[in-house]
Amino acid sequence: VGLRVSRLTGGAFDPTIGPLVDLWGFGPAPGRSHAPAGGEVAAALARTGHWNITTRSGASALRKSEAGLGVDLSGIAKGFAVDELATLLERAGVGQYLVEIGGELRGRGLSPRGSPWRVGVERPAGARGTVQRVVRLDAGALATSGDTHNFFEGGGRRFSHIIDPRTGRPVAHGLASVTVIAETAMAADALSTALMVMG
(Lines give C-alpha, C1' and ligand atoms only; values in the text may rest on other atoms or scores of the structure.)
Protein backbone atom coordinates (compact mmCIF):
# COMPACT_ATOMS: atom_id res chain seq x y z
CA VAL A 1 0.00 0.00 0.00
CA GLY A 2 2.74 2.47 0.94
CA LEU A 3 4.61 2.14 -2.35
CA ARG A 4 1.37 2.22 -4.35
CA VAL A 5 0.33 5.48 -2.64
CA SER A 6 3.86 6.86 -3.22
CA ARG A 7 3.56 6.26 -6.96
CA LEU A 8 -0.05 7.47 -7.07
CA THR A 9 0.80 10.79 -5.37
CA GLY A 10 4.13 11.52 -7.07
CA GLY A 11 6.07 10.91 -3.87
CA ALA A 12 3.88 12.93 -1.48
CA PHE A 13 3.85 9.78 0.66
CA ASP A 14 7.15 7.95 1.03
CA PRO A 15 7.88 5.00 3.35
CA THR A 16 11.60 5.86 3.28
CA ILE A 17 11.09 9.25 4.97
CA GLY A 18 12.61 8.16 8.31
CA PRO A 19 15.86 10.18 8.06
CA LEU A 20 13.87 13.38 7.49
CA VAL A 21 11.40 12.69 10.29
CA ASP A 22 14.33 12.07 12.65
CA LEU A 23 16.21 15.16 11.46
CA TRP A 24 13.23 17.43 12.15
CA GLY A 25 12.83 15.96 15.66
CA PHE A 26 9.62 14.00 15.12
CA GLY A 27 11.15 10.52 15.33
CA PRO A 28 12.30 8.60 18.40
CA ALA A 29 15.11 11.09 19.17
CA PRO A 30 14.37 14.17 21.29
CA GLY A 31 12.58 17.07 19.56
CA ARG A 32 14.11 20.22 18.14
CA SER A 33 13.74 23.88 18.95
CA HIS A 34 15.08 25.15 15.61
CA ALA A 35 15.11 24.11 11.96
CA PRO A 36 18.05 22.06 10.69
CA ALA A 37 20.49 23.64 8.26
CA GLY A 38 19.94 23.27 4.51
CA GLY A 39 22.93 20.94 4.18
CA GLU A 40 21.51 18.63 6.85
CA VAL A 41 18.17 18.50 5.03
CA ALA A 42 19.90 17.72 1.71
CA ALA A 43 21.95 14.92 3.31
CA ALA A 44 18.87 13.33 4.90
CA LEU A 45 16.89 13.73 1.67
CA ALA A 46 19.65 11.86 -0.19
CA ARG A 47 18.97 8.84 2.07
CA THR A 48 15.30 8.62 1.02
CA GLY A 49 13.36 7.74 -2.14
CA HIS A 50 10.51 5.27 -2.61
CA TRP A 51 11.74 4.57 -6.16
CA ASN A 52 14.72 2.77 -4.59
CA ILE A 53 12.45 0.01 -3.27
CA THR A 54 10.90 -2.83 -5.24
CA THR A 55 8.60 -5.55 -3.99
CA ARG A 56 8.06 -9.16 -4.93
CA SER A 57 4.67 -10.78 -4.59
CA GLY A 58 4.14 -14.42 -3.69
CA ALA A 59 6.97 -14.95 -1.24
CA SER A 60 6.80 -11.36 -0.02
CA ALA A 61 10.08 -9.51 -0.15
CA LEU A 62 11.48 -5.99 -0.40
CA ARG A 63 14.61 -5.02 -2.25
CA LYS A 64 16.41 -1.69 -1.95
CA SER A 65 18.80 -0.33 -4.55
CA GLU A 66 20.56 2.05 -2.12
CA ALA A 67 22.53 0.57 0.79
CA GLY A 68 21.74 3.35 3.29
CA LEU A 69 18.01 3.35 2.60
CA GLY A 70 15.57 2.35 5.36
CA VAL A 71 11.85 1.83 5.55
CA ASP A 72 9.77 3.81 8.05
CA LEU A 73 6.27 2.39 8.26
CA SER A 74 4.97 4.87 10.84
CA GLY A 75 2.82 6.52 8.15
CA ILE A 76 0.75 3.34 7.73
CA ALA A 77 1.46 1.34 10.90
CA LYS A 78 -1.62 2.41 12.88
CA GLY A 79 -3.84 1.80 9.85
CA PHE A 80 -2.27 -1.63 9.34
CA ALA A 81 -2.84 -2.52 13.01
CA VAL A 82 -6.49 -1.43 12.81
CA ASP A 83 -6.99 -3.60 9.70
CA GLU A 84 -5.34 -6.58 11.39
CA LEU A 85 -7.59 -6.25 14.45
CA ALA A 86 -10.65 -5.95 12.20
CA THR A 87 -9.61 -9.11 10.36
CA LEU A 88 -9.17 -10.97 13.66
CA LEU A 89 -12.63 -9.88 14.79
CA GLU A 90 -14.21 -10.98 11.52
CA ARG A 91 -12.46 -14.38 11.67
CA ALA A 92 -13.84 -14.79 15.19
CA GLY A 93 -17.33 -14.20 13.83
CA VAL A 94 -17.74 -10.64 15.10
CA GLY A 95 -19.84 -8.82 12.50
CA GLN A 96 -20.26 -5.49 14.24
CA TYR A 97 -17.30 -3.57 15.56
CA LEU A 98 -15.47 -0.26 15.67
CA VAL A 99 -11.68 -0.47 16.00
CA GLU A 100 -9.62 2.65 16.73
CA ILE A 101 -5.89 3.18 17.25
CA GLY A 102 -4.59 6.73 17.53
CA GLY A 103 -7.31 8.23 15.34
CA GLU A 104 -7.32 5.58 12.62
CA LEU A 105 -10.64 3.71 12.62
CA ARG A 106 -12.44 0.88 10.89
CA GLY A 107 -16.08 0.05 11.42
CA ARG A 108 -18.49 -2.61 10.32
CA GLY A 109 -22.14 -3.17 11.04
CA LEU A 110 -24.11 -1.33 13.68
CA SER A 111 -23.33 0.16 17.07
CA PRO A 112 -24.95 -1.26 20.23
CA ARG A 113 -27.75 1.30 19.71
CA GLY A 114 -28.67 -0.40 16.42
CA SER A 115 -27.55 2.49 14.22
CA PRO A 116 -24.40 2.91 12.10
CA TRP A 117 -21.25 3.84 14.00
CA ARG A 118 -20.92 7.61 14.25
CA VAL A 119 -17.41 9.07 14.29
CA GLY A 120 -16.64 12.71 15.03
CA VAL A 121 -13.95 14.38 12.94
CA GLU A 122 -12.24 16.98 15.10
CA ARG A 123 -12.34 20.63 14.06
CA PRO A 124 -8.66 21.50 13.44
CA ALA A 125 -8.81 25.11 14.64
CA GLY A 126 -11.26 24.55 17.48
CA ALA A 127 -10.76 23.51 21.06
CA ARG A 128 -9.60 19.92 21.42
CA GLY A 129 -12.61 17.65 21.01
CA THR A 130 -14.67 20.14 18.99
CA VAL A 131 -16.38 18.25 16.17
CA GLN A 132 -16.21 19.51 12.57
CA ARG A 133 -18.38 16.74 11.11
CA VAL A 134 -19.94 13.44 12.15
CA VAL A 135 -19.35 10.56 9.73
CA ARG A 136 -21.23 7.25 9.49
CA LEU A 137 -18.82 4.33 9.43
CA ASP A 138 -20.61 1.02 8.90
CA ALA A 139 -18.37 -0.58 6.25
CA GLY A 140 -15.04 1.13 5.87
CA ALA A 141 -12.19 2.97 7.47
CA LEU A 142 -11.28 6.55 8.30
CA ALA A 143 -7.99 8.34 8.99
CA THR A 144 -7.12 11.97 9.63
CA SER A 145 -3.74 13.63 9.18
CA GLY A 146 -3.04 17.13 10.40
CA ASP A 147 -0.57 19.46 12.02
CA THR A 148 -2.75 20.93 14.75
CA HIS A 149 -1.20 19.05 17.69
CA ASN A 150 2.27 17.88 16.62
CA PHE A 151 4.71 20.69 15.76
CA PHE A 152 7.48 22.84 17.19
CA GLU A 153 8.12 26.55 17.00
CA GLY A 154 11.53 28.07 16.43
CA GLY A 155 12.83 31.35 15.08
CA GLY A 156 9.32 32.74 14.92
CA ARG A 157 8.08 29.91 12.66
CA ARG A 158 5.89 26.89 13.19
CA PHE A 159 7.21 23.55 11.89
CA SER A 160 4.70 20.76 11.29
CA HIS A 161 5.45 17.07 11.84
CA ILE A 162 4.04 16.46 8.35
CA ILE A 163 7.20 16.35 6.22
CA ASP A 164 7.05 16.67 2.43
CA PRO A 165 9.26 13.82 1.18
CA ARG A 166 9.85 15.71 -2.07
CA THR A 167 11.43 18.78 -0.41
CA GLY A 168 12.63 17.34 2.89
CA ARG A 169 10.85 20.12 4.80
CA PRO A 170 7.65 20.37 6.85
CA VAL A 171 4.58 21.42 4.92
CA ALA A 172 4.08 25.17 5.01
CA HIS A 173 0.64 25.61 3.44
CA GLY A 174 -2.49 26.64 5.32
CA LEU A 175 -4.29 23.28 5.25
CA ALA A 176 -4.86 22.12 8.84
CA SER A 177 -6.06 18.53 8.32
CA VAL A 178 -7.30 15.94 5.85
CA THR A 179 -9.72 13.09 6.57
CA VAL A 180 -10.00 10.14 4.19
CA ILE A 181 -12.59 7.38 4.14
CA ALA A 182 -11.42 4.23 2.37
CA GLU A 183 -11.97 0.49 2.32
CA THR A 184 -9.00 -0.15 4.62
CA ALA A 185 -7.48 1.88 7.44
CA MET A 186 -3.99 1.43 5.99
CA ALA A 187 -5.05 3.02 2.68
CA ALA A 188 -6.89 5.84 4.49
CA ASP A 189 -3.80 6.41 6.69
CA ALA A 190 -1.38 6.71 3.75
CA LEU A 191 -3.75 8.75 1.59
CA SER A 192 -4.58 11.25 4.35
CA THR A 193 -0.87 11.87 4.89
CA ALA A 194 -0.20 12.25 1.15
CA LEU A 195 -3.14 14.62 0.65
CA MET A 196 -2.03 16.66 3.65
CA VAL A 197 1.44 16.96 2.09
CA MET A 198 -0.09 17.93 -1.26
CA GLY A 199 -2.16 20.67 0.38
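Each chain has its residues counted from 1, running along the sequence as written. Only residues with pLDDT of at least 70 are given local features in this predicted model, and only at 80 or more are side-chain atom pairs given and counted; all residues enter the totals for whole chains, interfaces and linings. The basis for the side-chain values is all heavy atoms of the structure; hydrogens and waters are excluded.

Some points on helix α5 (residues 185-198)
Working step 1: Taking 1.5 Å per residue as the helical rise, α5 with its 14 residues ought to reach 20 Å, and the 20 Å between its terminal C-alpha atoms agrees with that figure.
Working step 2: Buried residues dominate α5, accounting for 11 of its 14 residues.
Working step 3: Should any heavy atoms of two residues lie within 4.5 Å, those residues are counted as being in contact. Secondary structure counts use DSSP, requiring at least four H or I residues in a row for a helix and at least two E residues in a row for a strand, with both numbered from the N terminus. On the buried face of α5, the contacting elements are α1 (2-8), α4 (77-91), β4 (104-108), β7 (139-146), β10 (163-164) and β12 (177-182). One fewer than the residue count of a helix, multiplied by 1.5 Å, yields its expected span. Under the scheme applied here, a residue whose accessible area is under 20% of the maximum for its type counts as buried, over 50% as exposed, and between as partly exposed, the area being computed with a 1.4 Å probe on protein chains only.

Examining the sheet that holds β7
Across a sheet, strands are paired by hydrogen bonds formed along the backbone, either parallel or antiparallel in direction.
Working step 1: One requirement defines pairing of two strands: DSSP has to find at least two bridges between them. What the four strands build is an open sheet, ordered β3-β4-β7-β12; its pairing is antiparallel. Lying at the two open borders of the sheet, with one neighbouring strand each, are β3 (97-101) and β12. In this sheet, adjacent strand axes meet at a mean angle of 10° when their direction is disregarded.
Working step 2: In this sheet, β7 lies alongside β4 in antiparallel orientation, the contact comprising four bridges. Paired with Arg-106 across the two strands is Ala-141, which belongs to β7.
Working step 3: The strands touched by α4 are β3 and β4; relative to β3, the strand with the most contacts, the crossing angle is about 155°.
Working step 4: Working convention: axes come from line fits to C-alpha atoms, limited for helices to the stretch in contact. Angles between N-to-C directions cover 0 to 180 degrees. Where α5 meets the sheet, it contacts β4, β7 and β12, and its direction lies at approximately 30° from that of β7.

Some points on the environment of Ser-74
Working step 1: In this fold, Ser-74 is placed in the loop between β2 (61-64) and α4.
Working step 2: Taking the C-alpha atoms as reference points, Ser-74 and Asp-189, 115 residues apart in sequence, are found 9.8 Å from one another.
Working step 3: Any pair of N or O atoms that falls within 3.5 Å is considered a polar contact. Within protein, one atom must be able to donate a hydrogen and the other to accept it, and sequence-neighbouring residues count only if both atoms are side-chain atoms. At a separation of 2.8 Å, a polar atom in the side chain of Ser-74 contacts the side chain of Asp-72.

So, the layout of surface pockets
By rolling a water-sized probe across the atoms, one finds the places where empty space is left.
Working step 1: Its boundaries defined by the atoms lining it, the largest pocket holds a volume of some 1000 Å³.
Working step 2: Here a cavity means grid points, on a 1 Å grid over the protein atoms only, where a 1.4 Å probe fits yet cannot get out; a pocket means an open set of points with protein on both sides within 12 Å along at least five of seven lines; lining residues are those with an atom within 4 Å of a point. Around the largest pocket, the lining comprises 39 residues; the ones closest to its centre are Lys-78, Thr-144, Ser-145, Gly-146 and His-161.
Working step 3: Of all the secondary-structure elements, those providing two or more residues to the lining of the largest pocket are β4, β5 (118-122), β7 and α5.
Working step 4: Among the residues forming the lining of the largest pocket, the class breakdown is 16 nonpolar, 15 polar and eight charged.
Working step 5: In this model, the second largest pocket occupies a volume close to 280 Å³.
Working step 6: Lining of the second largest pocket is provided by 13 residues; of these, Val-1, Gly-2, Leu-3, Thr-55 and Leu-62 occupy positions nearest its centre.
Working step 7: Secondary-structure elements contributing two or more residues to the lining of the second largest pocket are α1 and β1 (53-56).
Working step 8: A per-element tally of the lining of the second largest pocket places α1 first, with four residues. Grid points are joined across faces, edges and corners, and a volume is the space filled by probe spheres set on the points. Lys, Arg, Asp and Glu make up the charged group, whereas Ala, Val, Leu, Ile, Met, Phe, Trp, Tyr, Cys and Pro make up the nonpolar group; the residues left over, Gly among them, are polar.

Comments concerning the confidence of the model for the protein chain
Working step 1: In the predicted model, the protein chain carries a mean pLDDT of 88, and the fraction of residues at 70 or more is 98%.
Working step 2: Ranking the helices and strands of the protein chain by mean pLDDT puts α4 first, with 96, and strand β8 (residues 151-154) last, with 77. As a per-residue measure, pLDDT reflects the predictor's confidence and takes values from 0 up to 100.

Here's the deal with the pairing of β8
Working step 1: Here β8 shows a clear split, with Phe-152 and Gly-154 buried on one side and none of Phe-151 and Glu-153 buried on the other.
Working step 2: Adjacent in sequence and paired antiparallel, β8 and strand β9 (residues 157-160) are bridged by two residues, among which Gly-155 carries a positive phi angle near 60°.

Topic: the pattern of salt bridges
Between side chains of opposite charge, pairing is possible as soon as their charged atoms come close.
Working step 1: We count a salt bridge whenever a side-chain nitrogen from Lys or Arg sits within 4 Å of a carboxyl oxygen from Asp or Glu. Within this structure, the stated rule accounts for six salt bridges.
Working step 2: The shortest N-O distance in the salt bridge between Asp-138 and Arg-136 comes to 3.4 Å.
Working step 3: A residue is classified by how much of its surface remains accessible, and Asp-138, at 32% relative accessible area, is partly exposed.
Working step 4: As a salt-bridge pair, Asp-164 and Arg-166 come within 2.9 Å of each other at their nearest N and O atoms.
Working step 5: Take Asp-164: its relative accessible area is 9%, and that puts it in the buried class.

A short note on the side chain of Ser-111
Working step 1: Within the secondary structure, Ser-111 sits in the loop between β4 and β5.
Working step 2: When its relative accessible area of 10% is taken as the criterion, Ser-111 is described as buried.

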